[in-house]
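Structural features, examined
The residues making up each chain are set out below.
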Amino acid sequence: MFSVFLGVVLGFGLRPLNLSQETLQLINFPGEIFMQVLKMMILPLIFSSLISALAQMDAKESGQMGASTVLYYLSTAVLATLLGIFLVTVIHPGDPSIKGTDIADAPSEGNVSPLDTFLDLVRNMFPENIIQATFERMQTTYVAIRPKIALKNGTSGNIIVKRSIGMTKGMNILGIIVFCTGFGIVISQLGERARIVVDFFVILDAVIMRWVVTLMWFAPLGITCLICGNLLELEDISDIASVLALYVFTVCAGLVLHTIITVPLMYFFITRENPLPIFKGMIQAVVTAFGTASGGATLPMSMQCLEDHCGVDRRISRFVLPLGSTINMDGNALYEAVAVIFIAQLNNVQLSLAEVLTVSITATIASIGLGSVPAGLVSILLILNTVGLPVRDVSMLFTVDWLLDRVRTAVNVLGDAYAASVVQHLLQKKLDKADARHDYKAEIKGEIEMLKSAATSRRPSFTMSEASKELFLNHANTAGNSRIGSRIGSRRPSSTNLHLSWRSNTIEPPYTPLPNDENV
């Protein structure tokens, strides 16, 4: 929080000095490295956390958790959109008389249809190559083609716009989540035979989280440089600030009301619990989201805060948070609805009730389907085309988007925490019953707790209680203190309750071998 304050103070304090481009580049450099390091951890974190979490659940529980999560996110996105439409209609920030004529043209990604957006969403859910999905995603583009054969009158004819489905740069997080979800569910169905695979992803997850905790010591410097550099790069916005001040107030008021009233009330009605502890536990993640303006980069910190401070089961947090960073865009939905109606008011266009409903539905869908697109540009253009509004005024909104992007990212991160807590309330009893039925799942849960305690302690992670030592020595004596004795012993899992049983594989295998292994 101090680094955010320091970045704002330095940003406004250094503006009068008119620093050179090289100096601005050096100020931005630590923040740039900080963002790259955080984004580097997204892919291994999603792979390890999703697979290790779902591998410890039954397929039925995984399905219920996924359905509950998506339904909750849809509900909050609809409520955020309706709140934004209500506020922008009541406050009416768009005045046609203040609009200038020298607004630059917006980028030309205007030919976006809702159908193509939905189809791209489904295509990205099922990538043809999981390796390619780590750095590319599918997107429909529009190519202008002039007919090669001239018409009879000698003209070349009108230009034809054709759809082209191609790959664009950017991680396909949705496809990776779908792949990891299926992979984890299949491992859970294999039961104890896949125990060694589960252990691998559990330990990989612990390694990644420990690495993230170490990297977060760099956060204060990175966040200060990001905010300071962002403020120094802005042009003189004193003229346009008076035009957009009421617009910024409308968006921020909607985001604040959604955060302190709508989401906590929904959480209270479902769980009958006080929502304040969730907010307190997530403060560090929310501040990180505001500083980085990236929900994906905040994902490691969100997981740590939710599990350590809010007490959410890691199996739930490791599924809900990666999914939420992709489809939970309450802040974006509210922002896009306000922006579109604001542009309509600037152009003195009165939207009918049907068009307002179209804006609300399209904003909800676009916020989910295009959540990974920066600045919400394509989403706003999509909604403007849907209701037939001009797109030239969109560039005016970019002058204040640096601030609104950070606020709505913080709102999204906090919304993910409430979503995980709601899903925990709905499924915790079923998870406890499943753990009681499967002993090895309870063992894995205990190993995870030991790995977490080892990450924050200087003591060795492998410690034995006195009872475990006695059992270990008795077992070694009966086995003749040799490897041959342990190999010719019983192949059934041992009832010896050693800590971190995956480390005692030389004594006895902790899983049931596949049938007919002698023939193999």
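Because the structure is a prediction, the values reported are computed rather than measured.

1. Structural notes on the overall build of the chain
For the chain, the count of helices and strands is 20 helices and two strands. Taken across its 520 residues, the chain has 48% of its residues classed as buried. Pairs at least 24 apart in sequence give 84% of the contacts found in the chain among residues at least 6 apart. Within the structure as shown, the chain displays about 26000 Å² of accessible surface, and the carbon and sulfur contribution to it stands at 63%.

2. Structural notes on helix 11 (residues 283-292)
Taking burial as the measure, the ten residues of helix 11 include seven buried ones, the bulk of the element. Buried residues of helix 11: A285, V286, V287, T288, A289, G291 and T292, and no others. Once helix 11 ends, the next one or two residues include A293, with phi positive near 55°.

3. As for the UniProt feature "transmembrane region" (unreviewed entry) in the chain
Sites flagged by UniProt as "transmembrane region" (unreviewed entry) map to residues 36-57, 69-91, 171-190, 211-232 and 244-270. The straight-line gap between the two end C-alpha atoms of residues 36-57 is 33 Å; of that span, 82% is helix and 0% is strand.

4. Focus: the packing of helix 8 (residues 219-233) against helix 11
One can describe the packing of helix 8 onto helix 11 by two numbers: an axis separation of 8 Å at closest approach and a directional angle of 40°. The orientation of helix 8 relative to helix 11 falls into the category oblique. Along the contact surface, helix 8 presents I223, L226 and I227, while helix 11 presents V287, T288, F290, G291 and T292. Per-class residue counts for the contact of helix 8 with helix 11 are five nonpolar, three polar and no charged.

5. Some points on the packing of helix 7 (residues 195-215) against helix 12 (residues 299-308)
In the contact formed by helix 7 and helix 12, the axes pass within 10 Å of each other and the chain directions differ by 105°. Considering the angle they form, helix 7 stands roughly perpendicular to helix 12. For the pair helix 7 and helix 12, the contacting residues are M209, V212 and V213 in the first and P300, M303 and Q304 in the second. For the contact of helix 7 with helix 12, the per-class residue count stands at five nonpolar, one polar and no charged.

6. So, a nonpolar patch on the surface
Judged by side-chain polarity, V256, L257, I260, I261, L265, F268, F269, I270 and L426 come together as a nonpolar surface patch covering roughly 770 Å² of accessible area. Ranked by residues supplied to the nonpolar patch, first place goes to helix 9 (residues 238-271) with eight residues. Take L265: it is sitting in helix 9.

7. A closer look at unusual backbone geometry
Phi angles above zero are rare outside glycine, and R272 is one such case at about 60°. Assignment of secondary structure puts R272 in the loop between helix 9 and helix 10 (276-281). For N348, which is not glycine, the phi torsion reads 60° and is therefore positive. Judged by its relative accessible area of 56%, N348 is exposed.

8. Some thoughts on the side chain of S52
Along the chain, the position of S52 falls in helix 3 (residues 42-54). A distance of 2.7 Å separates the side chain of S52 from the backbone oxygen of S48, its partner in a polar contact. A distance of 3.2 Å separates a polar side-chain atom of S52 from the backbone oxygen of S49. Apart from residues lying up to four places away in sequence, S52 is in contact with F201, V202, D205 and R314.

9. Concerning the packing of aromatic side chains
Enumeration according to the criterion identifies nine aromatic pairs in this entry. Aromatic ring contacts, followed pair by pair, group F47, F179, F183, F200 and F201 into a single cluster. Looking at R272, its charged tip hangs above the ring of F268, at a distance of 5.8 Å from the centre. Over the aromatic face of Y335 sits the side chain of R408, whose NZ or CZ is 4.0 Å from the ring centroid.

10. Some points on the side chain of T298
Looking at the secondary structure, you find T298 in the loop between helix 11 and helix 12. Not counting residues within four places of it along the chain, the set of residues in contact with T298 comprises A285, T288, A289, T292 and V413.

11. With respect to the environment of A144
Here A144 is to be found in strand 1 (residues 136-145). Residue class for A144 comes out exposed when judged on its relative accessible area of 56%. The spacing of A144 and I160 is 16 residues in sequence and 5.7 Å in space, taken between C-alpha atoms. Apart from the residues lying within four places of it in its own chain, the contact partners of A144 are I159, I160 and V161.

12. Topic: the pattern of salt bridges
Considering all chains together, one arrives at seven salt bridges under this definition. Notably, a salt bridge pairs R195 with D199, separated by 3.4 Å at the nearest N-O pair. Of the two residues, R195 and D199 both sit in helix 7, four residues apart, roughly one turn of that helix. Neither R195 nor D199 differs from the other in exposure class; each is buried.

The rules behind these values
Residues numbered from 1 in each chain as written. Predicted model: local features only at pLDDT ≥ 70, side-chain atom pairs only at ≥ 80, totals over all residues. Heavy atoms only, no water. Helix = DSSP H or I, 4+ residues; strand = E, 2+ residues; numbered from the N terminus. Buried < 20%, exposed > 50% of the residue type's maximum accessible area, 1.4 Å probe, protein only. Contact = heavy atoms within 4.5 Å. Areas by Shrake-Rupley, 256 points an atom, 1.4 Å probe, with all protein chains shown as cover. UniProt positions renumbered as here; feature names shortened; annotations may be inferred. Axes fitted to C-alpha atoms, helices over the stretch in contact; angles between N-to-C directions. Parallel < 35°, antiparallel > 145°, perpendicular 65-115°, else oblique. Nonpolar A, V, L, I, M, F, W, Y, C, P; charged D, E, K, R; others polar. Patch = residues over 30% accessible without salt bridge, like charges linked within 9 Å, V, L, I, M, F, W, Y side chains within 5 Å. Salt bridge = Lys/Arg side-chain N within 4 Å of Asp/Glu carboxyl O. Polar contact = N/O pair within 3.5 Å; in protein donor to acceptor, adjacent residues only side chain to side chain. Phe/Tyr/Trp six-rings, centres within 6.5 Å; stacked < 30°, edge-to-face > 60°. Lys NZ or Arg CZ within 6 Å of the ring centre and 35° of its normal.

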